[in-house]
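Chain by chain, the residues:
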Amino acid sequence: MKNSRFFKMLVPDTRIYIFIIGFLIAIISFYNYIIGLVGIFVLSYLIYYNLKTTNIRREEWTRYIEGLSSDIDSVTKQSILNMPIPLTMVEIDGTIKWYNRKFLEVMDNQGLLDKNIEDIVANFELQDILQSKNNIVKKANINNRNFNVLYNIIKSEKNHIATYVIMLYWIEETDYEILKKKYNEEKIVVALVQADNFDEVMQGTEDAHRPLVIAEIDHKLTLWANRINGFIRKYANDKYIAVFEKQHLQKLETKKFDILDEIREINAGNKIPITLSIGIGTEGSTPLQSFEFANAAKDLSLGRGGDQATVKKNDKISFYGGKTKAVEKRTKVKARVIAYALRQLIEQSHNVFVMGHKYADLDALGSAMGIYRAAKNRNKEAYIVLNGNNPAIGCLYDKILQNEEYKKNIITCEEAKLRVHSTSLVVVVDTHRPNFTECPELLKQTDKIVVIDHHRKGTDFIENTVLNYHETYVSSASELVTEILFYMDDKINIELLEAEALLAGIAIDTKNFTFKTGVRTFEAAALLRRAGADTTSVKQLFQDDLNTIISKGEVIKRAKVIKEMVAISTYEEEGEDSQLIAAQAADELLNIKGIRASFVLGRKDDTMIVISGRSMGDINVQVILEKLGGGGHLTVAGAQLEGVTMEEALKQLETTIQEYFDEGEE
């Protein structure tokens, strides 16, 4: 503003001159009126001349401006018409009113006027433009060319009537999309492959045939790597690492890693089928991170029983395979090592807290009692974290309360949180999921955590453990704890009640030594029998009251069969024993001829539905219930659904079973 005023002071203004001349003529007229009259005449002429000159200059300036505006309009029109990007002008309803030559070239010179933009551009919604906040909409594809679409809404008025048109600017990014696709397809994928049961296969194969078996494994894995244009290297007798491009990963997932079937079909003198655990790592920011993803994925495959592939893409994890039962490991070296390590941890800890999963069963409580005794044998202060009784452990719980030592050392989660500190040892048995434990908060109050579990590993597990004894081929956590107790002191030093609790835990998870029972299962049972466990007393721990037996009968009566081999039923009564009745009824349904798997849904409360799944082994109930947020084993699994009705839960289960069969997992 100040600069403008200063500039006006410097620019000559004829009005000032005329004013000065008029003032001087007035002074002259005061002394000589004749000269004053002449001066007035001259002044009048000057005023006239000034006005005339000013009008002429104004007209010339107007003509210049008008000519310049016309030139600008012409240049603007030519610029829009010849702009190097496609432009389109459409009405609010999408009708095309104008387009430039570039847009016509993109559309292969079709007649486009008065057509709707949504009809000629696939998946283009004009409503997206009107609702967009940043003047850009989703990508559009025209004749295999990719565009980002920017827009501008223009308002015009004619005869006081406002009309609106939309100007669309098509910014091509086809080259970018091609480069992006090429970059993603060429990302490195790391695969770690391990033969689950290599030692057992070699032990069961004659010496003359062992090289043939090894050669056949190497040959099939090499062919598999060649099919995906990758390479594979063997770095141990039973371990391999493969690297390939991401563009081949989808093909492997579509075929559900058929290399698992090819390896399992090897018959070169081996008596035991060979199974693989494969861990796939991709989407890592560096090759090292992809390798770490692959290693974590392989651990998940092994933790879920082997014979499967796990793909880890950052936080997304997918599972393929898992059709066979886990093969029992005959060597007990690991059990000895774990027992020694656990003894050292107990001795170095101030006190020990043992807990199983929520809604404890006989296996969780029995194995917890075994670890409790191991700590007591080391003269350590020990506690079992248990938030209360339930029908699954009712008989054993009543016996425990009659024992003064246990009565004062079984504590709730709230009591445990007050007594635990950084030097405490927390031992989790019969589960590996933090949210499934009796007291998840306890895991955050100490860094010394031990996990002893036999369930197939899921995506949610306790991390940063100092000791992790996870064996999916084992029948129960009680079997693992029994072996630990034996190797910890070269003999089992436990009380009678603890021996019976451990034997009950093995019996409940094996369905009285029917499912998942190996040689070591009977050896563990024999150790407990020698420690004084009475089979009659153990059987009494499984006894149910008359109402429970009647309820199970009603569940079986309501069962329906789908796929001619899967039985499904429901238990509508709400209560604490609903989960126990559902589990036992699912077991009973397997006794029906032709039934290969069973599922029973029970109503735990107003907001939660529990599902118990059982299988004879050829249908993987874990894979089915895992899709509903559950988990377990190939033959025994469970899940919980919150915020759904029984009908909705039943529909979800049936849909999941159908998907399982459609995917060919059976």
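The structure presented is a predicted model; accordingly, all values stated were derived computationally and were not measured.

A.B. asks: Which parts of the structure should I look at to understand the overall build of the chain?
C.D. replies: When you go through the chain residue by residue, the secondary structure sums to 25 helices and 23 strands. Taking 2.2 N^0.38 as the reference for a compact globule, 666 residues should give roughly 26 Å; the C-alpha atoms of the chain span a radius of gyration of 42 Å, well beyond that estimate. Put simply, 63% of the contacts in the chain that link residues at least 6 apart link residues at least 24 apart. About 34900 Å² of surface is accessible on the chain, with carbon and sulfur atoms providing 53% of the total.

A.B. asks: Even after reading the chapter, I still don't get the pattern of salt bridges, so can you show me in this structure?
C.D. replies: Two side chains carrying opposite charge are able to pair once their charged atoms lie near each other. Scanning all chains against the criterion turns up 25 salt bridges. Of the charged contacts in the structure, one is a salt bridge between Glu-498 and Arg-373, with a shortest N-O distance of 2.9 Å. Residue Glu-498 is found in helix H19 (residues 496-510), and its partner Arg-373 is found in helix H14 (residues 362-377); the two are separated by 125 residues along the sequence. Comparing Glu-498 with Arg-373 shows no difference in burial state: the two are buried.

A.B. asks: Looking at this structure, how should I read the packing of helix H18 (residues 477-489) against H19?
C.D. replies: When two helices pack together, their arrangement is given by the angle between the helix axes and the distance between those axes. In the contact formed by H18 and H19, the axes pass within 8 Å of each other and the chain directions differ by 140°. Between H18 and H19, the interaxial angle falls into the category oblique. Between H18 and H19, the residues in contact are Ser-478, Glu-479, Val-481, Thr-482 and Leu-485 and Leu-502, Gly-505 and Ile-506, respectively. Partitioning the contact of H18 with H19 into residue classes produces four nonpolar, three polar and one charged.

A.B. asks: Got a minute to help me understand the UniProt feature "binding site: Mn(2+) 2" (unreviewed entry) in the chain in this structure?
C.D. replies: Feature annotation in UniProt places "binding site: Mn(2+) 2" (unreviewed entry) on Asp-363, Asp-430, His-454 and Asp-509, given in this structure's numbering. Despite a sequence span of 147 residues, these residues sit close together in the fold, their greatest C-alpha distance being 10.8 Å. Within the fold, His-454 resides in the loop between strand S16 (449-453) and strand S17 (467-470). Side chain to side chain, His-454 and Asp-430 meet in a polar contact 3.0 Å long. On the basis of relative accessibility, which here comes to 15%, the residue Asp-509 falls in the buried class.

A.B. asks: Can you walk me through the UniProt feature "domain: DDH" (unreviewed entry) in the chain in this structure?
C.D. replies: The feature "domain: DDH" (unreviewed entry), as annotated in UniProt, sits at residues 351-506 in this numbering. Secondary structure within residues 351-506 divides into 39% helix and 17% strand; the distance between the first and last C-alpha atoms comes to 27 Å.

A.B. asks: Honestly, the side chain of Glu-483 in this entry has me stumped. Any pointers?
C.D. replies: Relative to the helices and strands, Glu-483 is located in helix H18. When near neighbours in sequence (up to four residues on either side) are disregarded, Glu-483 contacts Lys-332, Ala-335, Tyr-469 and Arg-520.

A.B. asks: How should unusual backbone geometry be read in this particular structure?
C.D. replies: Note: most residues except glycine have negative phi, and most peptide bonds are trans. Notably, Asn-143 is not glycine yet its phi reads approximately 50°, a positive angle. Here Asn-143 lies in the loop between strand S3 (140-142) and strand S4 (145-158). On the accessibility criterion, Asn-143 (43% relative accessible area) is partly exposed. Phi angles above zero are rare outside glycine, and Asn-512 is one such case at about 60°.

A.B. asks: It is not clear to me how the packing of aromatic side chains should be interpreted in this structure. Could you clarify?
C.D. replies: Any aromatic ring pair is given by two values, namely how distant the centres are and how the planes are angled relative to each other. The full count for this structure, using the stated rule, is eleven aromatic pairs. Ring geometry for Phe-124 against Trp-170: centres 5.6 Å apart, planes inclined by 40°, an arrangement best described as tilted. Of this pair, Phe-124 sits in the loop between helix H5 (117-120) and helix H6 (126-131) while Trp-170 is found in strand S5 (residues 161-172), placing the two residues 46 residues apart along the sequence. Accessibility classification places Phe-124 together with Trp-170 in one group, the buried group. Considering the side-chain rings of Phe-257 and Tyr-320, the 5.5 Å spacing of their centres and the 45° angle between planes classify their relative orientation as tilted. A residue pair is termed long-range when its members are at least 10 positions apart, and Phe-257 in the loop between helix H10 (249-254) and helix H11 (259-264) and Tyr-320 in strand S11 (residues 316-321) qualify at 63 residues.

A.B. asks: Before we go on, may I ask you to explain the pairing of strand S1 (residues 87-91) in this structure?
C.D. replies: Two faces belong to every sheet, and in a regular strand the side chains alternate between them. One ladder, built from five bridges, connects S1 with S5; its direction is antiparallel. By the bridge assignment for S5, Glu-91 is matched with Val-165. Pairing analysis gives three bridges linking S1 to strand S2 (residues 96-99), with the strands arranged antiparallel. The partner of Thr-88 across the bridge, within S2, is Tyr-99. The hairpin turn running from S1 into S2, its antiparallel successor, is four residues long, and Gly-94 in that turn takes a positive phi close to 100°.

A.B. asks: I would appreciate a short explanation of the sheet that holds strand S13 (residues 381-385) in the present structure.
C.D. replies: Sheets are built from strands that pair by backbone hydrogen bonding, the pairs being arranged parallel or antiparallel. The parallel open sheet is built from six strands, whose spatial order is S14-S13-S12-S15-S16-S17. Across the chains shown, the open sheet's two edge strands, defined by having one partner strand only, are strand S14 (410-411) and S17. Each of S16 and S17 touches H18; the most contacted strand, S16, lies at about 120° to it.

Definitions and limits used
Residues numbered from 1 in each chain as written. Predicted model: local features only at pLDDT ≥ 70, side-chain atom pairs only at ≥ 80, totals over all residues. Heavy atoms only, no water. Helix = DSSP H or I, 4+ residues; strand = E, 2+ residues; numbered from the N terminus. Rg over C-alpha atoms; globule rule 2.2 N^0.38 Å. Contact = heavy atoms within 4.5 Å. Areas by Shrake-Rupley, 256 points an atom, 1.4 Å probe, with all protein chains shown as cover. Salt bridge = Lys/Arg side-chain N within 4 Å of Asp/Glu carboxyl O. Buried < 20%, exposed > 50% of the residue type's maximum accessible area, 1.4 Å probe, protein only. Axes fitted to C-alpha atoms, helices over the stretch in contact; angles between N-to-C directions. Parallel < 35°, antiparallel > 145°, perpendicular 65-115°, else oblique. Nonpolar A, V, L, I, M, F, W, Y, C, P; charged D, E, K, R; others polar. UniProt positions renumbered as here; feature names shortened; annotations may be inferred. Polar contact = N/O pair within 3.5 Å; in protein donor to acceptor, adjacent residues only side chain to side chain. Phe/Tyr/Trp six-rings, centres within 6.5 Å; stacked < 30°, edge-to-face > 60°. Pairing = 2+ DSSP bridges.

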